[in-house]
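So you can see what is in the structure, the chains are spelled out below.
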Protein chains: 2
Amino acid sequence: MRVVVMGAGLIGTSIALALRARDADVLLTDRDPANLRLATDLGAGRSLEGAEPGLAPAGEPRPWSGDAPGPASAGGRAEPGAEPVADLVVIAVPPAAVAATLRDAQARRLGRVYTDAASVKSAPLAAARTLGCDLGSYVPGHPMGGSERSGPAAARADLFLGRPWALCPAPETAESAVEAVTELARACGAEPVRLSPADHDRAVALVSHGPHVTSAAVAARLAAGDPAALRLSGQGVRDVTRIAAGDPRLWTGILRHNAGPVADVLDAVAHDLTEAAAALRKLGAGDDASADTMTGLLRRGNTGRDRIPGKHGGPSRAYAVVPVVIPDEPGALARLFAAAETAGVNIEDVRLDHSPGLPVGVAQLSVRPQEAERLSAALAEKGWSVHG
Amino acid sequence: MRVVVMGAGLIGTSIALALRARDADVLLTDRDPANLRLATDLGAGRSLEGAEPGLAPAGEPRPWSGDAPGPASAGGRAEPGAEPVADLVVIAVPPAAVAATLRDAQARRLGRVYTDAASVKSAPLAAARTLGCDLGSYVPGHPMGGSERSGPAAARADLFLGRPWALCPAPETAESAVEAVTELARACGAEPVRLSPADHDRAVALVSHGPHVTSAAVAARLAAGDPAALRLSGQGVRDVTRIAAGDPRLWTGILRHNAGPVADVLDAVAHDLTEAAAALRKLGAGDDASADTMTGLLRRGNTGRDRIPGKHGGPSRAYAVVPVVIPDEPGALARLFAAAETAGVNIEDVRLDHSPGLPVGVAQLSVRPQEAERLSAALAEKGWSVHG
């Protein structure tokens, strides 16, 4: 299978890496040469330009980027009746650039089937219709993996493992095209979920866009907070505000294309918070009956939290974690990894937790479960303080 | 050192485990015999009742629990002038039960110094003053580790490792008592932070209680959501709503004692969300100027998020990140760290992004900014593929 991935940002490069792991031939393109170089260095595929030099004048920068929107410029145009370059084209660019990128890709006859990865679906589809794109070969899509980080350096082949991948065909979309993109989602380890573009947009307002803005509003409170107050930050506020680190311009671009459904969610959350604030003030003044309003909201929170489906077992959860206390000094990690190597154990992931003011930290080593015991024993034998 | 921990819930048992790891003699008590048995089985200490049978009539249930508030009943009363049972007494019960538990513990002369672990500080201190407790030996405290889970089964010796531990002495509190509790916090691996009870309560409204209620309000939206919509839930909404799984009754008990400061935070968040909703509706209707309102809130979110202190209490973004492509094989990280050591650069943090099935991954090395260039050059010279 040959796939063209347009936009070598976080999403595009991650899809490319997942496909490369299944031996697909992946051709990459990005308007930013640095993104493209990093993605190809990571083994995400070959440059489309290098592979198919006839398709576009050499040296012309590609008009697509996975990270930032930019004005689309027309690429080359294929001979009429030419064979498509690839079986499938994945358009991993910001929502505002999807339709123009699709139009150009179809003009260049880059693929038999086209899909995109934008977080909103109604607006890009409407724009593609307006631009006269062929909708029969276009399957609007949205792989739901993501990160507060962006760019190819943050890409991972397992970004979509066990995650939902929305498929939102237009009435015109051919069933065979939907099948091809369903296969793509499965190849990336994701779970295809089919729903209409409008249902998709309401759903992501609820489970993604609304939470994103709310996370930002909580974080915005911290912007004016006393530094002494911020020192008391624990894991809770870190989790609640993690996605508030996302790129503001990129996110405004997403939100504007899903304005109504997101605004509905934000108004409802604001209403609940205003009511909770009023109940708390009464409760603080001794009105015990107001406790029910507060507890009621927290209970609804429990119920909603419980309704989030469990993950479908990605390998990151399949690893066993071996915590090892290490001195906070140069070379300590090198010695630790050397000891693991001697034991023949591959460290799949590592997380360092330093203890402020203490001379030691904790390295959380993730390894395959069947190797955990061997690693623990080997490290303990060499004098490391192994826990758990 | 001998410590009495009253209340074997999540917090009390975790403190006890941390102290046991440092060979302290820990005596435990809880009004729920099951909690107490589980905590002692976990190695968190011995039962106070079993260890000091003279102190209370055998079989009388203790009036304290780390999980649920309950009416305090008087325990035994020590002989006047008797030696205290322990150096330190940690009261790990809900806010409403702190003052009565302190009064009873002091009547029984359980310790030289007393502290508590409740998430609010002004209200319990005021209640302790009203009950005529000895404030000279009492250091209101708040270890900031926590979890959405509760009970001794969720306890961990490292729950407070690297976390802030607020110390909020009253004007009457003896400096020697503050020193003893400072030592306790350090023994648990935490970072003591001293501030007034009122400052503490405003701070936790900002970094803990406000985010908690907001997390619940986001989760509450999901309670009424379409199951198909919920299938699209990704990591973002999981993180934002993690703490919404907390115990509603326990949390209402906390929030009511910090009503004013929390209500202020909730009103401010609600205001920002209402404004964002209005801006989005205008933006969706084509008013491009409203994008600034939306982007402005997201940018303030970035700023606030950046202000959450990272490791060693420093700003979270103080480190430069050097991404290096590494082969996914045993020894690769060991070689990489050895190369960094040779260059004399201390790796402050490392994050490994593997691509399952691919022969390479990316190691994100965090180093002091002034060392990033030297590290990049040193690694590149040794043939590593350094990016950024």
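Residues numbered from 1 in each chain as written. Chains lettered and ligands numbered in written order. Predicted model: local features only at pLDDT ≥ 70, side-chain atom pairs only at ≥ 80, totals over all residues. Heavy atoms only, no water.

**Student:** Would you take a moment to explain unusual backbone geometry for this structure?
**Tutor:** Negative phi values dominate among residues other than glycine, just as trans dominates among peptide bonds. A positive phi angle, near 65°, is found at Asp23 of chain A, a position not held by glycine. Summarising the element assignment, Asp23 of chain A is placed in the loop between helix H1 (10-20) and strand E2 (25-29). (Helix = DSSP H or I, 4+ residues; strand = E, 2+ residues; numbered from the N terminus.)

**Student:** Is there a simple way to explain the environment of Ser137 of chain B in this structure?
**Tutor:** Residues and elements named next belong to chain B. Relative to the elements of secondary structure, Ser137 occurs in the loop between helix H5 (122-130) and strand E6 (138-139). Note on Ser137: relative accessible area 10%, which makes it buried. On a C-alpha basis, the gap between Ser137 and Ala16 in space is 20 Å, while along the polypeptide they are 121 residues apart. Contact partners of Ser137, with chain neighbours within four places excluded, come to Gln106, Arg112, Val113, Tyr114 and Ala177. A polar atom in the side chain of Ser137 sits 2.7 Å from the side chain of Asp134. (Buried < 20%, exposed > 50% of the residue type's maximum accessible area, 1.4 Å probe, protein only. Contact = heavy atoms within 4.5 Å. Polar contact = N/O pair within 3.5 Å; in protein donor to acceptor, adjacent residues only side chain to side chain.)

**Student:** Help me understand the nonpolar core in this model?
**Tutor:** It is characteristic of soluble globular proteins that their nonpolar side chains tend to be buried jointly. Leu273 and Leu280 of chain A together with Leu273 and Leu280 of chain B are the most contacted members of the largest nonpolar core, which totals 54 residues. Of all the elements in the fold, those that place two or more residues in this core are helix H7 (197-223), helix H10 (248-256), helix H11 (259-284) and helix H12 (291-307) of chain A together with helix H7 (197-223), helix H10 (248-256), helix H11 (259-284) and helix H12 (291-307) of chain B. Sequence-distant contacts of Leu280 of chain B, defined by excluding residues within four places in its chain, comprise Leu255, Arg256, Ala259, Val262, Ala263 and Leu266 of chain A together with Met294 of chain B. Val322 and Ile347 of chain A together with Val322 and Ala343 of chain B belong to the second-largest nonpolar core, a separate cluster that totals 43 residues. (Core = buried A, V, L, I, M, F, W, Y, C linked by side-chain atoms within 4.5 Å.)

**Student:** What should I look at first to understand the pattern of salt bridges in this one?
**Tutor:** Opposite charge on two side chains permits them to pair, given that their charged atoms come into close proximity. Overall, the coordinates contain 36 salt bridges over all chains when judged by the stated rule. Arg112 of chain A is paired through a salt bridge with Asp87 of chain A; the nearest N and O atoms lie 3.9 Å apart. On the criterion of sequence distance, the pair formed by Arg112 of chain A in strand E5 (residues 111-116) and Asp87 of chain A in strand E4 (residues 86-91) is long-range, its members being 25 residues apart. The class of Arg112 of chain A is partly exposed, set by a relative accessible area of 46%. A salt bridge links Glu83 of chain B to Arg112 of chain B; the shortest N-O distance between them is 3.5 Å. Here the residue Glu83 of chain B occupies a position in the loop between helix H3 (48-51) and strand E4 (86-91), and Arg112 of chain B occupies one in strand E5 (residues 111-116), the gap between them amounting to 29 residues. By relative accessible area, Glu83 of chain B is classed as exposed at 60%. Bridged by salt links that share partners, the residues Arg2, Asp25 and Arg46 of chain A form one connected network. (Salt bridge = Lys/Arg side-chain N within 4 Å of Asp/Glu carboxyl O.)

**Student:** Help me understand the interface of chain A and chain B in this model?
**Tutor:** Counting residues at the interface gives 123 residues for chain A, matched by 121 residues for chain B. Taken together, both faces of the contact between chain A and chain B bury some 11400 Å²; the carbon and sulfur share is 65%. At the junction of chain A and chain B, the tally comes to 12 salt bridges. In this structure, the connection of chain A to chain B is made through 30 residue pairs in polar contact (both at pLDDT 80 or more). No other element matches H11 of chain A, which puts 20 residues into the side of chain A that touches chain B. Of the residues contributing to the side of chain A that touches chain B, the split by class is 68 nonpolar, 25 polar and 30 charged. (Buried area = accessible area lost by both parts, 1.4 Å probe. Nonpolar A, V, L, I, M, F, W, Y, C, P; charged D, E, K, R; others polar.)

**Student:** What is the right way to look at the sheet that holds strand E3 (residues 46-47) of chain B in this model?
**Tutor:** By definition, the strands of a sheet pair up through backbone hydrogen bonds, in either a parallel or an antiparallel sense. Residues and elements named next belong to chain B. Read from one edge to the other, the open sheet built from 6 strands follows the order E3-E2-E1-E4-E5-E6, with strand pairing classed as parallel. Because the sheet does not close on itself, it has two edges, and the strands there are E3 and E6. Pairing geometry for strand E2 (residues 25-29) and E3, over 2 bridges, is parallel. Opposite Leu28, over in E3, you have Ser47 as the bridge partner. (Pairing = 2+ DSSP bridges.)

**Student:** Is there a simple way to explain the environment of Leu161 of chain B in this structure?
**Tutor:** You can see Leu161 of chain B is positioned in the loop between strand E7 (141-143) and strand E8 (164-167). When the C-alpha positions of Leu161 of chain B and Ala190 of chain B are compared, they lie 5.1 Å apart, and in sequence the two are 29 residues distant.

**Student:** Mind showing me how you'd approach the packing of H7 of chain B against H11 of chain B here?
**Tutor:** Axis angle and axis distance: for two packed helices, these are the angle between their axes and the distance between the axes, and together they describe the pair. Residue and element names in this part refer to chain B. As a packed pair, H7 and H11 sit with axes 8 Å apart at the nearest point and diverge in direction by 55°. Viewed along their axes, H7 and H11 adopt a mutual orientation that is oblique. Crossing hand, H7 versus H11: right-handed. Contact residues: Asp201, Arg202, Ala205, Leu206, His209, Gly210, Val213 and Thr214 in H7; Pro261, Val262, Val265, Leu266 and Val269 in H11. (Axes fitted to C-alpha atoms, helices over the stretch in contact; angles between N-to-C directions. Parallel < 35°, antiparallel > 145°, perpendicular 65-115°, else oblique. Left-handed = near helix turned anticlockwise from the far one by under 90°.)

The analysis is restricted to geometry; functional conclusions fall outside its scope.
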